[in-house]
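# Structural features, examined
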Amino acid sequence: MADKWRQAPLSELAHPDSPITYGVVKPGKEDANGVLFIRGGDIVGGRVLVEQLRTITSEVSQQYRRTQLYGGEIIVSLVGNPGQVAIVPDELKGANIARQVGLVRLRHDVDARYVKYFLSSPKGQEDLGAHSLGSVQQVINLRDLKTVVVPIPPLQEQRAIAHILGTLDDKIELNRKQNETLEA
């Protein structure tokens, strides 16, 4: 069945008004009352480590309006933790991203959780080249991110696959928390 699914580069799955891009090049100094700012190292284990985010000034964020977040987008660490993928939680609406993060706003007929799971899979990681460039610090090139080919089943199947994988992730997280509690 999977061999009959359409294949498309990630760039074709992006919303037509929002090509795949990266964020703020020069964030400047931190602003305690500023805009939350996601760097490459802030994406770990399929989520954004909200508790460790720094901030940038509103003025700097406004210069990069194209990467201000709405919630629900896919972000990919290009540097820091290359290949780490997360979906922006709604609580980060208005935040912005760093140069080390790729932003993918998907079309409405593509399930973001499905694409996130594909990019996080061994095949997706291999296609991203998550560990192939750079001698000291590994890097994913934005051009390579755009060309990753994603198998695209019908939307209902995407949602079903994402639901099953999400349920497993939830169970794993619950077990992890229970282990922490038991160890304490």
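So, here is what we can say about the structure in this document.

We now examine the nonpolar core. Nonpolar side chains in soluble globular proteins tend to end up buried together. Residues Leu10, Leu13, Ile74, Leu106, Val115, Leu119 and Leu145 are the most contacted members of the largest nonpolar core, which totals 28 residues. If you list the elements that add at least two residues to this core, you get α1 (10–13), β7 (74–77), α3 (112–120), α5 (142–147) and β11 (149–152). Here the element with the most residues in this core is α3; it accounts for six residues. Apart from residues lying up to four places away in sequence, Leu13 is in contact with Arg6, Ala8, Arg105, Leu106, Arg107, Val110, Val150 and Ile152. Within the second largest apolar cluster, 13 residues are counted, among which are Ala86, Ala95, Ile97 and Val101.

For Gln68, the location among the structural elements is in the loop between α2 (58–63) and β7. Given a relative accessible area of 18%, Gln68 falls into the buried group. Here Ser61 takes part through its side chain, which lies 3.2 Å from a polar atom of the side chain of Gln68. Contacts of Gln68, omitting those with residues within four sequence positions, involve Ser61, Gln62, Glu73, Ala95, Asn96 and Arg105.

Another point: α3. Taken across its nine residues, α3 has seven buried, putting it largely inside the fold. Looking only at α3, the buried set comprises Ala112, Tyr114, Val115, Lys116, Tyr117, Phe118 and Leu119. Where the residues of α3 are buried, they touch α1, β7, β8 (85–87), α4 (122–128), β11 and α6 (155–183). Between the side-chain oxygen at the start of α3 and the backbone nitrogen of Arg113 there is a gap of 3.0 Å, and the oxygen is on Asp111.

What counts, and where the lines are drawn
Per-chain numbering applies: the sequence of each chain, read as written, is numbered from 1 onward. Whole-chain, interface and lining totals are the exception, using all residues; otherwise, since this is a predicted model, local features are given only for residues with pLDDT of at least 70 and side-chain atom pairs are given and counted only at 80 or more. Just so you know, side-chain values use all the structure's heavy atoms and leave hydrogens and water out. Definition of nonpolar core: a set of buried residues of the types Ala, Val, Leu, Ile, Met, Phe, Trp, Tyr and Cys, connected through side-chain atoms within 4.5 Å. Accessible area is worked out with a 1.4 Å probe on protein chains only. A residue is then buried under 20% of its type maximum, exposed over 50%, and partly exposed in between. Helix numbers and strand numbers start at the N terminus; a helix is a DSSP run of H or I with at least 4 residues, a strand a run of E with at least 2. Whether two residues are in contact is decided by their heavy atoms, any of which lying within 4.5 Å being enough. The term polar contact refers here to a pair of N or O atoms within 3.5 Å; inside protein, the definition further demands a hydrogen-donor-capable atom paired with an acceptor-capable atom, and it admits residues adjacent in sequence only when both atoms are side-chain atoms.

Honestly, it's all geometry; don't read function into it.
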